[in-house]
Amino acid sequence: MTLPLIELRQVTKLFVSEMDLAAKIAKGIGLSAPREVVHAVDQVDLEVRQGEIVGLVGESGCGKSTLGRIVAGLLQPTKGSIFFDGREISGLKRRESKETALKIQMIFQDPFSSLNPRMRIGDIIGEAPLIHGIVERSEINEYTDRLMLQCGLDPNSKGLYPHQFSGGQRQRIAIARALAVKPEFLVCDEVVSALDVSIQAQVLNLFITLRRELGLTSIFISHNLAVVENVSDKVAIMYLGRIVEQAETEELFDHPLHPYTQALLKEVPSLEKRHMNFLPINGEVPSPIDPPSGCHFHPRCPRLISRCRIERPALHEIMPNHFVACHNPLEEE
């Protein structure tokens, strides 16, 4: 078995609130108030092998985008280790760390806010490969033209600015910019959620084509289960900072074992369910500032047992390549 291209071991990310003026004054006179701590990512283990696309799914606020930013190097984990091609990133020397950072690129949800509005498209795509010496200045125009064509853009438009393009075109520009430094790994964070449905299909088809042509490896973050099912080889389900289930895509959609996964899949709209009354999962998502003890899902779980309230379930292999973090998983149907 080959080493994973990306491996996360017990990755945790905490956000601690800054002290306001009142808290600073209280501290100055010897009083103290507890500072709020957001448990955004909680001891996550995850592997992505060469050529795989792993879908990362969960409700808003579950920590999936934070995890993606940690993988991309935009956030540093509070605890835990990240390995790229078998080497721990934090232990790399400066030059190796810079090279690894180029190999991992991120495509963001909102292309309008992630593109510099004062730069022309040709410069947005060509700046990084030029600065990092990937392409000579004499070759940058041809290189940029080739990337734009590959991503379905007209090279004659590279003198335009981001606001002169549609949302789908801006996302193609963002994809071209990410590919410009020849990455080995992409973090795709809700790359189609801000687009119209018809444009979503075009961008997803582009992504699938590029994956086939370039052999891309990726984490595909989305709340849309239908999208994830179509583009991913494996799926990891997140809830309140933890991965609760992970399996190959077909296996997970056909045989969900965690109560949370089961509830999510039941509410996916389809033609077969057009006469069905859709019901939300009972209860509210707990606050990441004060998450429940034991299993984070236990306040909303229909299969609650006493053990769930006090003991955190480990992510264990319950079937071949099917991992579940649950003390009382659903039986296979």
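Just above, that's the structure.
No experiment lies behind these values; they were computed from the predicted model shown.

Caption draft 1: Expanded view of the overall build of the protein chain. Broken down by element type, the protein chain carries eleven helices and twelve strands. Taking 2.2 N^0.38 as the reference for a compact globule, 333 residues should give roughly 20 Å; the C-alpha atoms of the protein chain span a radius of gyration of 22 Å, in line with that estimate. Taken along the three principal axes of its C-alpha coordinates, the protein chain extends 70 × 65 × 40 Å. For the protein chain, with 333 residues in total, the buried portion stands at 45%. Considering only intrachain contacts with a sequence separation of at least 6, the fraction spanning at least 24 residues in the protein chain is 67%. Carbon and sulfur atoms provide 50% of the accessible area of the protein chain, an area that totals close to 17800 Å². Side-chain charges in the protein chain split into 36 positive and 42 negative, and the spacing between the mean points of these groups amounts to 6 Å.

Caption draft 2: Structural view of the pairing of strand E6 (residues 104-107). Of the two faces of E6, the one carrying Ile104 and Met106 and the one carrying Gln105 and Ile107 are both buried. As judged from the four bridges shared by E6 and strand E7 (residues 185-189), these two strands associate in the parallel manner. Looking at E7, one finds that isoleucine 104 is bridged to phenylalanine 185.

Caption draft 3: Structural detail: the sheet that holds strand E9 (residues 234-239). Sheet architecture is open: eight strands sit in the order E6-E7-E8-E3-E9-E10-E12-E11, paired in mixed fashion. Both outer strands of the open sheet, E6 and strand E11 (316-319), are each paired with one neighbouring strand and no more. Taking each pair of neighbouring strands and ignoring which way they run, the sheet shows an average axis angle of 25°. As paired strands, E11 and strand E12 (residues 322-324) are joined by three bridges and run antiparallel to one another. Bridge pairing in E12 links histidine 316 to valine 324.

Caption draft 4: Representation of the sheet that holds strand E5 (residues 87-88) in the model. Spatial strand order, E2-E1-E4-E5: four strands in an open sheet with antiparallel pairing. Unpaired on one side and paired on the other, strand E2 (37-48) and E5 mark the two borders of the sheet. When strand E1 (residues 6-16) meets strand E4 (residues 79-84), the two strands line up antiparallel, connected through five bridges. Across the sheet, residue glutamate 7 finds its bridge partner in E4, namely phenylalanine 83. Along the sheet, helix H2 (residues 64-71) makes contact with E1, E2 and E4, crossing E1 at roughly 115°.

Caption draft 5: Just the packing of helix H5 (residues 121-131) against helix H7 (residues 167-179), in detail. Interaxial distance between H5 and H7 falls to 7 Å at its minimum, and their mutual angle equals 25°. One finds that H5 runs roughly parallel with respect to H7. The handedness of the crossing between H5 and H7 is right-handed. Packed against H5, whose contacting residues are Ile121, Ile124 and Ile125, the element H7 presents Ile173, Ala176 and Arg177 at the interface. A per-class count over the contact of H5 with H7 returns five nonpolar, no polar and one charged.

Caption draft 6: Highlighting the pattern of salt bridges. Inspection of every chain in the model, using the stated rule, returns 13 salt bridges. Aspartate 42 is paired through a salt bridge with arginine 312; the nearest N and O atoms lie 3.2 Å apart. Here arginine 312 lies in the loop between helix H11 (259-266) and E11 and aspartate 42 lies in strand E2, a separation of 270 residues in the sequence. The buried category is assigned to aspartate 42, whose relative accessible area is 11%. When the shortest N-O distance is used, the salt bridge between glutamate 311 and arginine 307 registers 3.0 Å. In this structure, a network of salt bridges that share partners links the residues Asp42, Arg242 and Arg312.

Caption draft 7: How the structure looks around the packing of aromatic side chains. Within this structure, the stated rule accounts for four aromatic pairs. Ring plane angle 55° and centroid distance 5.4 Å describe the contact between phenylalanine 207 and phenylalanine 220, whose orientation is recorded as tilted. Residue phenylalanine 207 is found in helix H8 (residues 197-214), and its partner phenylalanine 220 is found in strand E8 (residues 217-222); the two are separated by 13 residues along the sequence. Looking at phenylalanine 207, the relative accessible area reads 6%, which means it is buried. We classify phenylalanine 220 as buried; its relative accessible area is 1%. Three or more aromatic residues joined by ring pairs form one cluster here, namely Tyr239, Tyr260 and Phe297. The ring centre of phenylalanine 83 lies 4.1 Å from the NZ or CZ of arginine 9, which sits over that ring.

Parameters at a glance
- Residues numbered from 1 in each chain as written.
- Predicted model: local features only at pLDDT ≥ 70, side-chain atom pairs only at ≥ 80, totals over all residues.
- Heavy atoms only, no water.
- Helix = DSSP H or I, 4+ residues; strand = E, 2+ residues; numbered from the N terminus.
- Rg over C-alpha atoms; globule rule 2.2 N^0.38 Å.
- Buried < 20%, exposed > 50% of the residue type's maximum accessible area, 1.4 Å probe, protein only.
- Contact = heavy atoms within 4.5 Å.
- Areas by Shrake-Rupley, 256 points an atom, 1.4 Å probe, with all protein chains shown as cover.
- Lys, Arg positive; Asp, Glu negative; His and termini not counted.
- Charge placed at Lys NZ, Arg CZ, Asp CG, Glu CD.
- Pairing = 2+ DSSP bridges.
- Axes fitted to C-alpha atoms, helices over the stretch in contact; angles between N-to-C directions.
- Parallel < 35°, antiparallel > 145°, perpendicular 65-115°, else oblique.
- Left-handed = near helix turned anticlockwise from the far one by under 90°.
- Nonpolar A, V, L, I, M, F, W, Y, C, P; charged D, E, K, R; others polar.
- Salt bridge = Lys/Arg side-chain N within 4 Å of Asp/Glu carboxyl O.
- Phe/Tyr/Trp six-rings, centres within 6.5 Å; stacked < 30°, edge-to-face > 60°.
- Lys NZ or Arg CZ within 6 Å of the ring centre and 35° of its normal.

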